[in-house]
Amino acid sequence: MSELILLKLGGSVITDKTSPLTARLEIIERLALEIKNALVERGTDLQLVIGHGSGSFGHEVAAKYQTQHGAVATNSWLGFAEVSAVAAELNYLVIKALRQVGVPAIKFQPSASTRMRGQQLMYFETFPLKEVLGHGLVPVIYGDVSLNATQGMSIVSTEMLFDNLARELSPDKIILSGQVGGVYDHDPMTYPKASLIKQIDPTNWATVEAKLGGSHGVDVTGGMLTKVREMYYLTLSMPHMQAMIISAEVAGNVECALKGQSVEGGTLIN
Ligand code: IPE
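What comes next concerns the included structure. Please read all numbers here as calculations on a predicted model, not as lab measurements. The residue numbering used here restarts from 1 in each chain and proceeds along that chain's sequence as written. Reporting of local features is limited, given that this is a predicted model, to residues whose pLDDT is at least 70; pairs of side-chain atoms are given and counted only at 80 or more, and all residues count toward the totals for whole chains, interfaces and linings. The side-chain figures draw on all heavy atoms in the structure; neither hydrogens nor water molecules are used.

For the rest of this paragraph, the subject is the pattern of salt bridges. The rule for a salt bridge is simple: a side-chain nitrogen of Lys or Arg has to be within 4 Å of a carboxyl oxygen of Asp or Glu. Enumeration over the complete set of coordinates arrives at 11 salt bridges. Lysine 259 serves as the salt-bridge partner of glutamate 41, at 3.3 Å between the closest nitrogen and oxygen. Taken as a pair, glutamate 41 in helix α2 (residues 25-42) and lysine 259 in helix α9 (residues 253-259) lie far apart in primary sequence, 218 residues in all. As a salt-bridge pair, aspartate 163 and arginine 167 come within 2.8 Å of each other at their nearest N and O atoms. Of this pair, aspartate 163 and arginine 167 both sit in helix α6 (residues 158-169), four residues apart, roughly one helical turn. Secondary structure elements are taken from DSSP: a helix is a run of H or I of four residues or more, a strand is a run of E of two residues or more, and numbering for both begins at the N terminus.

Below, the structure is given as structure tokens:
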């Protein structure tokens, strides 16, 4: 039986979150190669769905139009199109890098296949994604805009999409890779003495939740706390599945995680 992994490349690592519309191309290319290496080594043992964040592409533009709050301004629908366009621009760069090294990546545009209700993703058309996954392709989804039954529009994060996909596909692992190599008791970007929380489970969840703060740069989908909370509740309802938060800044980490080898740092959620 092959292992199914949902891998997120965080917007914090594939873009410069402090500079609008700035991709970190060399990092994207390195990560593409790491993914390729893992796929080559594991062959049909590994099925992979990739999701990526939006960093200084979608978050910046969404903050400008307040897309996450719905159709609140006169130019909200223009914003919907603008956010979708920049999210797709970053996606093009990711797909291109993956395909250049030989990963059979195929994009699935979430704004064309999802609908939310409030903060919940209530509909995600996944049939084509599942079909191509079964044929050895690597579907790539990304944080995007989504129609919303109660507020007109909203932002759908990669974690929300993964949550929905996980319930349908029952993956073995979700790996969230980003700039920060795990969950810390303080913000490690501003507090160098912060210590890594190696594991999150029901025994320490309440303490961890109380400690987590926001993220760097503009983040319209709630930052680290929201992402960790979503993963924690997902693993609670799917006990066979593991979620890991690792650094993609450390070269080789994503490759090792995909190969099932130990990585530097990282937090395990289960
Ligand atoms: C955010 O998606 C999408 C937009 C703002 C358009 P994510 O929540 O998955 O992205 P990152 O990882 O925080 O950038």
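Okay, back to it.
As a further point, take α6. Under the convention used throughout, the expected extent of a helix is 1.5 Å for every residue step, that is, one less than its residue count. The end-to-end C-alpha distance of α6, which contains 12 residues, comes to 15 Å, matching closely the 16 Å that a straight helix rising 1.5 Å per residue would cover. Immediately beyond the C-terminal end of α6, within one or two residues, lies serine 170, with a positive phi of roughly 50°.

Our next topic: the side chain of lysine 8. In this fold, lysine 8 is placed in strand β1 (residues 3-9). Relative accessibility under 20% of the residue-type maximum defines a buried residue, over 50% an exposed one, and the middle range a partly exposed one, all with a 1.4 Å probe and only protein chains included. Residue lysine 8 is classed as buried on the basis of its relative accessible area of 5%. A contact between two residues is defined here by any heavy atoms of the two lying within 4.5 Å. Those residues in contact with lysine 8, other than ones at most four positions away along the chain, are Gly51, His52, Gly53, Thr158, Glu159, Phe162, Ile175, Leu176, Ser177 and Lys227.

Right, let's talk about the pairing of strand β4 (residues 114-117) for a bit. Of the two faces of β4, only the one carrying Thr114 and Met116 is buried; Arg115 and Arg117 on the other face are not. The criterion for strand pairing is that DSSP finds at least two bridges linking the strands in question. Note that β4 and strand β5 (residues 120-124) share four bridges and pair antiparallel. Note on β5: the bridge partner recorded for arginine 117 is glutamine 120. Between β4 and β5, which follow one another and run antiparallel, lie two residues, and glycine 118 among them has a positive phi close to 60°.

The subject of this paragraph is the sheet that holds strand β9 (residues 173-178). Reading across from one edge, β3-β6-β2-β1-β9-β13-β14-β12 is the order of the eight strands in this open sheet, with mixed pairing throughout. The open sheet has two free edges, formed respectively by β3 (105-107) and β12 (199-200), since each of these has just one partner strand. Across six bridges, β9 lies against strand β13 (residues 242-247) in parallel orientation. Of the residues in β13, the one forming a bridge with isoleucine 174 is alanine 243.

Position of serine 157 among the secondary structure elements: in the loop between β8 (152-156) and α6. What makes serine 157 buried here is its relative accessible area of 6%.

So, about the side chain of histidine 52. Relative to the assigned elements, histidine 52 resides in strand β2 (residues 46-52). Not counting chain neighbours up to four residues away, the residues in contact with histidine 52 comprise Lys8, Leu9, Ile14, Ala87, Leu90, Asn91, Val94, Val140, Ile141, Tyr142, Gly143 and Thr158.

What follows is about the packing of α2 against helix α4 (residues 76-100). Only the stretch in contact is used when fitting a helix axis, every axis being a line fitted to C-alpha atoms; angles between N-to-C directions are given from 0 to 180 degrees. For the pair α2 and α4, interaxial distance at closest approach is 8 Å and the crossing angle is 45°. With respect to their mutual orientation, α2 and α4 come out oblique. Two packed elements cross with a definite hand, and for α2 against α4 that hand is right-handed. Contact residues: Leu25, Ile28, Glu29, Ala32 and Ile35 in α2; Leu90, Leu93, Val94, Ala97 and Leu98 in α4. Orientation categories follow fixed angle ranges, with anything under 35 degrees roughly parallel, anything over 145 roughly antiparallel, 65 to 115 roughly perpendicular, and all other angles oblique. In this scheme the handedness of a crossing depends on how the near helix is turned from the far one: anticlockwise by less than a right angle means left-handed, clockwise means right-handed.

Another aspect to go through is the sheet that holds β5. One open sheet holds the four strands; their spatial order is β5-β4-β7-β8, and the pairing between them is mixed. A single partner strand is all that each edge strand has here, and the edge strands are β5 and β8. Each adjacent strand pair in this sheet contributes to an overall mean axis angle of 40°, direction not counted. Judged from the two bridges that link them, β4 and strand β7 (residues 144-148) form a sheet pairing that is parallel. Within the sheet, the bridge partner assigned to methionine 116 lies in β7 and is asparagine 148.

Let us now look at helix α3 (residues 55-65). Across the 11 residues that make up α3, a large majority, eight, are buried. Burial in α3 covers these residues: Gly55, Ser56, Phe57, Gly58, His59, Val61, Ala62 and Tyr65. Against the buried residues of α3 lie α1 (11-14), α4 and β8. Glutamine 66 sits one or two positions beyond α3 and adopts a positive phi of about 55°.

The next thing to look at is the pairing of β7. Residues in a regular strand project their side chains so that they alternate between the two faces of the sheet. Along β7, four of the five residues are buried, which leaves the element largely enclosed by surrounding structure. Looking at chain direction, β7 and β8 are connected through five bridges and run antiparallel. Following the sheet pairing, asparagine 148 is matched in β8 by glycine 152. Where β7 folds back on β8, the antiparallel hairpin that results is connected by three residues.

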